[in-house]
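Below are the chains, spelled out letter by letter.
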Amino acid sequence: MNVFKKFLSNFGLTTTEKIHQPQDGYKPLNAVKFLRQIITADSRTSRLLMWHSDEKLKNVRLEYKMIGEDAAQFGKISADFFDEDFIYSCKLENLKPESLYKFRIISDDRATDWQNLKTTGCNDFQMLVFSDSQCTNYKIWQKTADTAAKNYPDAEIFVMNGDLIDAGQDFRQWRAWYTAAQNLLKEKILVPVMGNHECYNCNYFNSPPTGYLQNFKLPTNGIKNFDGYFYSFDYGAARFFVLNTQFYELQNFTGDIKDAQEYFFRREVRNSNSRWKIVFMHKPIYNRKFSDFVAEAKNYFIPLFDELEIDVVISGHFHKYRNCGKFHGTNYVVCGLSGDQNYTGAPDSFLVINFGADSINFICKSVDGKILDNFNLEK
């Protein structure tokens, strides 16, 4: 039984439709689009909700309540404007761990259907990981996303490990990406990672990652001028570190972020008691032939990972899956592509990661169903 349906059955419900019926006399609110749940530092007690609208919503509010309780609450909403869209965000805090909530967005006399939100605990969980979904035709990314969503409905969380779109300031591509990812975005938590293409303007010149930062309000890192560039979060028995590898692309806009990121990284590792320490970053430590380390990795990343005893580093960028094995004490995995920019001949694929307290299972699966790799890590 689907984990979510099993959870519903505890409240005498068998299908999601029973809590998705419009009520209270509201008319449909069709202006809301690209609704998504974004990772927070602690998904046991908080969640960030974001959505777009091509019109400014009047008297907008977000109503939420825990299943089994009658009392409703309202979250605080903020709004930005990006190209043609208003982007709304609302962070819910002080939630109860391992609980099911429903929420809806209201504007004047209109409302969306109720949506589901499940807070996490410290239990085992399943995660999906994609990389390099940038496309000329986003139907290819949609096929990858739909395949993963259909075959792994119990995955609670999914990571986009950089290069979500081809040009980070292209509003049209963001719309295409969201449209293609709608089945993945239903009730799964999104973890975005900045890639080099997020730092390109519409003419493919380096630029500040404005589109990425406006589309995703991410956990604060406490470093002035670098919020959203790197962050960390806890989930299950793991602490995850989302690091930035765009030193070259960003050097003319932010300066050298290495010192700021290293300070943050050391602080977050030091303050964590999690059993697993996992890094997501876009560019790998190896060159394209996987025959040698890149200079920045050899001089900056690898010594840090060794010193801080990182268990796994998961990257992308090369559009081809590679299990690089263990170097010193850290395991390195490079994700394949999930879009149509296929210059390696490798099939589109994604990672399925099953996290337990003492072991992690990695499966790399192609869109056509072939298992490309399957391995375990033990503590």
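Structure: above.
Everything in this summary refers to the structure shown in the same document. (Residues numbered from 1 in each chain as written. Predicted model: local features only at pLDDT ≥ 70, side-chain atom pairs only at ≥ 80, totals over all residues. Heavy atoms only, no water.)

## Thoughts on the overall build of the protein
Next up, step 1: Regarding its fold elements, the protein presents eight helices and 22 strands.
Next up, step 2: At 20 Å, the protein has a C-alpha radius of gyration in line with the 21 Å of a compact globule built from 379 residues.
Next up, step 3: Projected onto its principal axes, the C-alpha coordinates of the protein cover approximately 65 × 45 × 40 Å.
Next up, step 4: By residue count, 57% of the 379 residues in the protein fall in the buried class.
Next up, step 5: For the protein, contacts bridging at least 24 residues in sequence account for 69% of all contacts bridging at least 6.
Next up, step 6: Element-wise, carbon and sulfur atoms account for 46% of the exposed surface of the protein, whose accessible area totals about 16,400 Å².
Next up, step 7: Each charge sign in the protein was given a centre, from 45 positive and 46 negative side chains, and these centres are 2 Å apart. (Helix = DSSP H or I, 4+ residues; strand = E, 2+ residues; numbered from the N terminus. Rg over C-alpha atoms; globule rule 2.2 N^0.38 Å. Buried < 20%, exposed > 50% of the residue type's maximum accessible area, 1.4 Å probe, protein only. Contact = heavy atoms within 4.5 Å. Areas by Shrake-Rupley, 256 points an atom, 1.4 Å probe, with all protein chains shown as cover. Lys, Arg positive; Asp, Glu negative; His and termini not counted. Charge placed at Lys NZ, Arg CZ, Asp CG, Glu CD.)

## Some points on the packing of helix H7 (residues 258-270) against helix H8 (residues 295-307)
Next up, step 1: In contact at an axis separation of 11 Å, H7 and H8 are set at 15° when each is read in the N-to-C sense. For the element pair H7 / H8, the angle class is roughly parallel. As H7 runs across H8, the sense of the crossing is right-handed. Facing H7, whose interface residues are Lys258, Gln261, Glu262, Phe265 and Arg266, H8 presents Glu296, Tyr300, Phe301, Leu304, Phe305 and Glu307.
Next up, step 2: Class assignment of the residues belonging to the contact of H7 with H8 gives a composition of five nonpolar, one polar and five charged. (Axes fitted to C-alpha atoms, helices over the stretch in contact; angles between N-to-C directions. Parallel < 35°, antiparallel > 145°, perpendicular 65-115°, else oblique. Left-handed = near helix turned anticlockwise from the far one by under 90°. Nonpolar A, V, L, I, M, F, W, Y, C, P; charged D, E, K, R; others polar.)

## Comments concerning the environment of Tyr178
Next up, step 1: Within the secondary structure layout, Tyr178 lies in helix H3 (residues 171-180).
Next up, step 2: The exposure class assigned to Tyr178 is buried, which follows from its relative accessible area of 1%.
Next up, step 3: When the C-alpha atoms of Tyr178 and Val334 are compared, they prove to be 24 Å apart, with 156 residues separating the residues in sequence.
Next up, step 4: Those residues in contact with Tyr178 that sit more than four places away from it in its chain are Phe34, Arg36, His52, Leu185, Asn215 and Phe216.

## Some details on the sheet that holds strand E19 (residues 330-334)
Next up, step 1: Ordered in space as E14-E15-E16-E17-E19-E18, the six strands form an open sheet in which the pairing is mixed. Edge positions in the sheet fall to strand E14 (231-235) and strand E18 (322-327), since each of these pairs with one other strand and no more. The average undirected angle you get between the axes of adjacent strands in this sheet is 20°.
Next up, step 2: Judged from the five bridges that link them, strand E15 (residues 238-242) and strand E16 (residues 276-280) form a sheet pairing that is parallel. Bridge pairing in E16 places Phe240 opposite Ile278.
Next up, step 3: Against the sheet, H7 contacts E14, E15 and E16, and its axis sits at roughly 175° relative to E15.
Next up, step 4: In the packing of H8 onto the sheet, contacts are made with E16, strand E17 (312-315), E18 and E19, and the angle to E19 comes to roughly 135°. (Pairing = 2+ DSSP bridges.)

## Things to note about the pattern of salt bridges
Next up, step 1: Within the structure shown, the criterion is met by 18 salt bridges.
Next up, step 2: Across the pair Asp80 and Lys217 runs a salt bridge whose closest N-O atoms are separated by 2.9 Å. On the criterion of sequence distance, the pair formed by Asp80 in strand E6 (residues 77-82) and Lys217 in the loop between helix H5 (210-215) and E14 is long-range, its members being 137 residues apart.
Next up, step 3: A salt bridge links Glu296 to Lys258; the shortest N-O distance between them is 3.7 Å. One end of the pair, Glu296, is in helix H8; the other, Lys258, is in helix H7, with 38 residues separating them in the sequence.
Next up, step 4: According to the relative accessible area criterion, Glu296 is partly exposed, its value standing at 34%.
Next up, step 5: One network of salt bridges, in which partners are shared, links Lys33, Asp54, Asp85 and Arg175. (Salt bridge = Lys/Arg side-chain N within 4 Å of Asp/Glu carboxyl O.)

## With respect to the packing of aromatic side chains
Next up, step 1: Enumeration over the complete set of coordinates arrives at 37 aromatic pairs.
Next up, step 2: Measuring from centroid to centroid gives 5.6 Å for Phe290 and Phe318, while their planes differ by 85°, and the two rings are edge-to-face. Remark: Phe318 occurs in the loop between E17 and E18 and Phe290 occurs in the loop between E16 and H8; sequence separation between them is 28 residues.
Next up, step 3: Look at Phe318 and you get buried, because its relative accessible area is 7%.
Next up, step 4: An aromatic cluster is built from Phe241, Phe247, Phe265, Tyr286, Phe290, Phe293, Tyr300, Phe301, Phe305, Phe318, Phe327 and Tyr332, whose rings are joined through pairwise contacts.
Next up, step 5: The side chain of Lys258 reaches across the aromatic face of Tyr300, ending 5.7 Å from its centre.
Next up, step 6: In this arrangement the basic side chain of Arg322 is found over the ring face of Phe290, its NZ or CZ atom lying 4.3 Å from the centre. (Phe/Tyr/Trp six-rings, centres within 6.5 Å; stacked < 30°, edge-to-face > 60°. Lys NZ or Arg CZ within 6 Å of the ring centre and 35° of its normal.)

What is shown is where atoms sit, not what they do.
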